[in-house]
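Geometric and topological summary
Listed here are the chains, written in short residue letters.
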Amino acid sequence: MMKKVLLAAAVALACAQAGAADKTMEADVVIVGAGAGGTVAAVSAVEAGLKTIMLEKNAFPGGAGNFMEGSFAAESFMQKAAGIKLTKIEAFNRMAAYHKWRINAPLVKAFVDKSAETIQWVDDHGVHWKEVKTAWRQNDTKTWHIYPGAGSLPKQMVKLFKEKGGELLLSTPAQKLITKDGKVVGVIAKNKDGDTITINAKNVILATGGYSFNEKFVRETTGIDMTPVGAPGRTGDGINMAMEVGAVGDNIGPMMINGAFMPAEGEAICNGPNKEVRALFRQGLLYIDSTGQRFFNEELTIDWPMASNAIARTGEYTYIIFDENTKKEFSTEGKGYPNPCGNFIQRHQAAKQLDELLKANEAKGNVFIGNTIEEVAKKAGMDPAILKKSTDAITKYAKQGHDEQFGKDPYYLRAVDTGPFYIVRGKLNTLTSLNGVKVNAGLQVLDKHDHVIPGLYAIGHDAGGVYGDTYDLKIGEGTASAFAINSGRMAVEDIVAHMKK
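Notes on the structure follow. Only a predicted model underlies this, so the values are computations on that prediction, with no experimental measurement involved. (Residues numbered from 1 in each chain as written. Predicted model: local features only at pLDDT ≥ 70, side-chain atom pairs only at ≥ 80, totals over all residues. Heavy atoms only, no water.)

1. Details of empty space enclosed by the protein
The gaps left among the atoms become clear once a water-sized probe is rolled over them. Formally: Detection works on a 1 Å grid of protein atoms alone, calling trapped sets that fit a 1.4 Å probe cavities and calling open sets with protein on both sides within 12 Å along at least five of seven lines pockets, with lining residues defined by an atom within 4 Å of a point. Grid points are joined across faces, edges and corners, and a volume is the space filled by probe spheres set on the points. All amino acids are sorted into three groups, where Ala, Val, Leu, Ile, Met, Phe, Trp, Tyr, Cys and Pro are nonpolar, Asp, Glu, Lys and Arg are charged, and the leftover types, Gly among them, are polar.
Inspection of every chain in the model, using the stated rule, returns 3 cavities of 30 Å³ or more. Of the voids in this model, the second largest cavity is the one considered here, and its volume is about 50 Å³. Lining the second largest cavity we find 13 residues, and of these L285, L286, I321, R414 and V416 sit closest to its centre. Its residues assigned to classes, the lining of the second largest cavity comprises 8 nonpolar, 2 polar and 3 charged.

Okay, here's the thing in structure tokens:
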């Protein structure tokens, strides 16, 4: 009998302890997601005197902010110092025209107007910009403000947030919004131990980074098979939670497709061990489909959103082909790569490991090497006659300095006539989704009647209405990261304004 009593008591105690792990917290603001936008919003909130809790699904903060290279702005202090004349209204109208006005114009205008102030704000908060630049050879409109290092912004924001009294809960994904009388009044989350965390809050900011890692949904909405890269965990959590309480999508579907790269697990853009091979896809080389046929003007590879649209038509894989002379050119000091690849490969940087990397990736099935066009075509599973026709044509165009088919800039024309020949296969990468739920210019989430859902905000890639069908790289380099950090500040300012009222 005593054993049964002790056993019952032990079970009761265990249940009580398990229940005791559940927790209820109170806050003025809950921020769901500790990426670039979320961490900037968090610092803005604690500096405004708001009790702030930030939730992060991953075991580490930063999200896609850990990969950010630079951010857009118009009329920043750096641009003024460099003599760049682009005005805010010019930048906005260029973006609106690029997106064929399929945008939330008041929101985008407010973002552009805020952008220069945010560049100063970031600098004042200890993240000192490296430079303002452009990836294009011929572009006087420099909008790309370069961070001192990848991940420098969220790292500093988290540090400041904690120093100023904010609370960050890692490995604690939000699961559901709490509503009362039509207003969002908090969040229910689960930590890594399975404990329920209930946070009652006056306002919730969704900053979960969109849905690019929800590969099934991406394939369904785009019809394109591509590889998500960057921070994991971005599966649409914020968007889904918002829709559960009445939010609607705003042009959900477009993706930031980053062009094709040779598959290399764990590598994004050109920042890994295989970066010298991956960078080849940015160099305007001859692109061919699975049959060996050329299909677009490859000078667009530097404008990767546009190039991605063309590449997407070729199926799961696309291919580049070049010859021994081009390989030697890219490996020679003083010549090197014609184009940069992010900030990881600079224009005219010489490849140091290209030969050995090509051979290593041949063994993995991503590179095909042959002494003749016919041999390399057969290895890649292409029609030798079609591939020969493509290489003969590009060789002719290179020697005469004029591309008769697509008018490619002679800067990118290179003959393919000296063996060995190299074919590298690539697959489209996507950095992020581009639109989320409908919001107003203050980042308040709207329902199907365009009425505000009180207490709920969405920023960064959880917010919709910023893009048409393609990322606006050439119009405003760095708009994705810039919108994340600007919208974080804008949402907090809107919260403060409403609380004062």
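Alright, that's what it looks like, and here's the rest.
2. Some thoughts on the state of the cysteines
Our working rule: When the sulfur atoms of two cysteines come within 2.5 Å, that pair is taken as a disulfide. Runs of H or I in DSSP of at least four residues are treated as helices and runs of E of at least two as strands, each being numbered from the N terminus. Accessible area is worked out with a 1.4 Å probe on protein chains only. A residue is then buried under 20% of its type maximum, exposed over 50%, and partly exposed in between.
One pass over the structure, following the stated rule, counts 1 disulfide. For C270, the disulfide goes to C341, at an S-S distance of 2.0 Å. Judged by the sign of its S-S torsion, about 65 degrees, the bond between C270 and C341 is right-handed. Separated by 71 residues along the polypeptide, C270 in the loop between strand 11 (255-261) and helix 9 (275-278) and C341 in the loop between helix 11 (324-330) and helix 12 (354-362) bring together distant segments of the chain. This pair shows no difference in class: C270 is buried, exactly as C341 is.

3. Comments concerning the pairing of strand 2 (residues 52-55)
Which entries qualify depends on this criterion: Strands pair, by our definition, only if DSSP identifies at least two bridges between them. By convention, orient the strands away from the viewer: a clockwise path from the first strand over the helix to the second makes the crossover right-handed.
Neither face of strand 2 is open: one carries T52 and M54, the other I53 and L55, and all of them are buried. Taken together, the 4 bridges between strand 1 (residues 23-32) and strand 2 define a ladder with parallel strand orientation. Among the inter-strand pairings, V29 is bridged to a residue of strand 2, identified as T52. In this fold, strand 1 hands off to helix 2 (residues 36-47), which returns the chain to strand 2; that crossover is right-handed.

4. Side note on the nonpolar core
What counts here: What is meant by a nonpolar core is a set of buried Ala, Val, Leu, Ile, Met, Phe, Trp, Tyr and Cys residues, joined one to another through side-chain atoms within 4.5 Å. Working rule for contacts: check all heavy atoms of both residues, and any pair within 4.5 Å makes them a contact.
I205, L280, V424 and L443 are the most contacted members of the largest nonpolar core, which has 139 residues in total. Contacts of L443, omitting those with residues within four sequence positions, involve L107, L456, Y457, A458, I459, A463, F483, S487, M490 and A491. Within the second largest apolar cluster, 17 residues are counted, among which are Y319, I394, L413 and I423.

5. Considerations on the environment of D383
Position of D383 relative to the elements: it lies in the loop between helix 13 (373-380) and helix 14 (384-400). Taking the relative accessible area as the measure of exposure, D383 reaches 35% and is therefore partly exposed. Beyond its immediate sequence surroundings of up to four residues, D383 is in contact with T291 and A377.

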